[in-house]
Amino acid sequence: MSRVSDSHSHPGHEMGDSREHGDWDRLLAEAGPRDHVVQLYQDQDFLNRAVCRFAAAALANGEGVILVPTVQHWNAFRPRLVAEGIDVDAAQKRGQLTIVDADQTLPRFMHNSMPDSPVFLGLAADVVARARGGGRFPKVRWWGEMVNILWERGDVAASMNLEDLFDQLAQKHDIAIFCSFLMDNFNGEIHTRMLPRLGENHSHLIPVEDYARLERAVADALRDTVGPDEARVLESDLLSRYPASYNMPRAQALLLALRQVLPSVSDSVLERSGKLYAGASANR
């Protein structure tokens, strides 16, 4: 199902979303009910900054926040939140911030290596209800990494099934969902298999940390691969004829469209884009 075309039941997810081409920090700060955002990351600092932006904005807005990290990641998030002026203990005591251990919670609803839908949805609904604090925090956000734990184990089917369940949770309970995957955005297999699948149950994709750098890297890689004239024609044609199934930076949509139409060219462009993106990072 295309999340872009389903704008009636997923308000704000059409390609005209005002946050679509903005930076990820604005998207996370303004995340609203039924948004389902996915981040690809490869380093701890990007993960820390994104999750803390999502949580801090919610706390500032008077929203309830549920974080479901591993112990290792919570130990990285907590000092950053404190450094940003958030009294973590006070937020937890007043019930506005709920921390749930991802490693301990995941086995509670897994059955035969797959999520048990009724059990998960029941457990998650209870967590959301408590996070609303008897009506004190009617708007709730949830970030978690149980889907990533399954992904890192190689349990791809279970991971994607759990994402489908999280999407159901977001729709039924009017909450914003944010998840993060340890994935390389410049990996061809990720583009072929995972990103189209994630488009079935997400409204927004955060593929990299620096959108402007991605735009430059993809534009240069496409010109280097097919020549400037062909690059201009391809870019215009692909973006108009093959719209992305969820909101993402323009350069990312171009990479995905290229993968659909010209996979042989896509491999070269993706590899070149990755090198240019990494090289620009090293030279900063």
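Residues numbered from 1 in each chain as written. Predicted model: local features only at pLDDT ≥ 70, side-chain atom pairs only at ≥ 80, totals over all residues. Heavy atoms only, no water.

Participant: Outline the state of the cysteines, listing residues and values.
Facilitator: Evaluated as defined, the whole model comprises zero disulfides. Not part of a disulfide, Cys179 finds its nearest cysteine sulfur in Cys52, a span of 17 Å. (Disulfide = S-S within 2.5 Å.)

Participant: Lay out the confidence of the model for the chain with the relevant residues and their values.
Facilitator: Of all residues in the chain, 91% have pLDDT values of 70 or greater, and the mean over the chain is 91. Contacts for the low-pLDDT stretch residues 1–21, under 50 throughout, to residues beyond four places or in other chains number 54 contacts. (pLDDT = per-residue confidence, 0-100. Contact = heavy atoms within 4.5 Å.)

Participant: How would you explain the pairing of strand β6 (residues 140–144) if you had to name every residue and give the values?
Facilitator: With five of its five residues buried, β6 lies for the most part within the structure. Because side chains alternate across β6, one face comprises the buried residues Val140, Trp142 and Gly144, and the other comprises Arg141 and Trp143, equally buried. Taken together, the five bridges between strand β2 (residues 64–68) and β6 define a ladder with parallel strand orientation. Residue pairing across strands places Val68 opposite Gly144, the latter belonging to β6. Where β6 and strand β7 (residues 176–182) come together, four bridges link them in parallel fashion. Across the sheet, Trp143 pairs through a bridge with Phe178, a residue of β7. (Buried < 20%, exposed > 50% of the residue type's maximum accessible area, 1.4 Å probe, protein only. Helix = DSSP H or I, 4+ residues; strand = E, 2+ residues; numbered from the N terminus. Pairing = 2+ DSSP bridges.)

Participant: Account for the side chain of Glu145, naming residues and giving values.
Facilitator: Along the polypeptide, Glu145 turns up in the loop between β6 and α7 (146–153). No salt bridge is formed by the buried Glu145; its nearest oppositely charged neighbour, Arg153, is found at 11 Å. When residues no more than four places from it in sequence are discounted, the contact partners of Glu145 are Val68, Pro69, Thr70, His73 and Ala102. (Lys, Arg positive; Asp, Glu negative; His and termini not counted. Salt bridge = Lys/Arg side-chain N within 4 Å of Asp/Glu carboxyl O.)

Participant: How would you summarise the pattern of salt bridges if you had to cite specific residues and measurements?
Facilitator: Counted by the stated rule, this structure contains 20 salt bridges. Across the pair Glu63 and Arg141 runs a salt bridge, and its minimum N-O distance is 2.8 Å. In this pair, Glu63 is assigned in the loop between α2 (44–60) and β2 and Arg141 in strand β6, connecting sequence segments 78 residues apart. Relative accessible area serves as the criterion here: at 5%, Glu63 is assigned to the buried category. Residue Arg141 is classed as buried on the basis of its relative accessible area of 0%. Its salt-bridge partner being Glu84, residue Arg80 comes within 3.3 Å of it at the nearest N-O pair. One network of salt bridges, with partners in common, ties together Asp45, Arg49, Arg80, Glu84 and Glu209.

Participant: Quick rundown of the environment of Arg108? Include the residues and the values.
Facilitator: With respect to the element layout, Arg108 can be found in helix α5 (residues 102–109). What Arg108 contacts, discounting residues up to four positions off in sequence, is Val119 and Leu123.

Participant: Residues and numbers for helix α6 (residues 117–131), please.
Facilitator: Side chains three or four residues apart in an α-helix point the same way, a direct result of the helix having 3.6 residues per turn. Along its 15 residues, α6 runs 21 Å from first to last C-alpha, staying within 8% of the 21 Å computed at 1.5 Å per residue. By the burial criterion, the buried members of α6 are Phe120, Ala124, Ala125, Val127, Val128 and Ala131. Down the axis of α6, the buried set is contained in an arc of 165°. They therefore lie on one face. Those residues of α6 that are exposed and angled more than 90 degrees off the buried face are Pro118 and Arg130. (Expected span 1.5 Å × (residues − 1). Arc of directions from axis to C-beta.)

Participant: Help me get a handle on the packing of helix α10 (residues 211–226) against helix α12 (residues 250–261), residues and values and all.
Facilitator: Axis separation between α10 and α12 bottoms out at 8 Å; the angle between their running directions is 40°. Of the residues in α12, those in contact with Leu214, Glu215, Val218 and Leu222 of α10 are Arg250, Ala251, Gln252, Leu254, Leu255 and Leu258. (Axes fitted to C-alpha atoms, helices over the stretch in contact; angles between N-to-C directions.)

Participant: Could you give an account of the sheet that holds β2, with specific residues and numbers?
Facilitator: Taken in spatial order, the six strands make up an open sheet running β3-β2-β6-β7-β1-β8, and their pairing is parallel. The strands lining the two open edges of the sheet, one partner per strand, are β3 (97–99) and β8 (204–206). Across the sheet, the mean angle from the axis of one strand to that of its neighbour is 15°, orientation sign disregarded. Examined bridge by bridge, strand β1 (residues 36–41) and β8 share three bridges and lie parallel to one another. Opposite Val38, over in β8, you have Leu205 as the bridge partner. Packing of α7 onto the sheet brings it into contact with β1, β2, β6 and β7, and relative to β7 it is tilted by some 25°.

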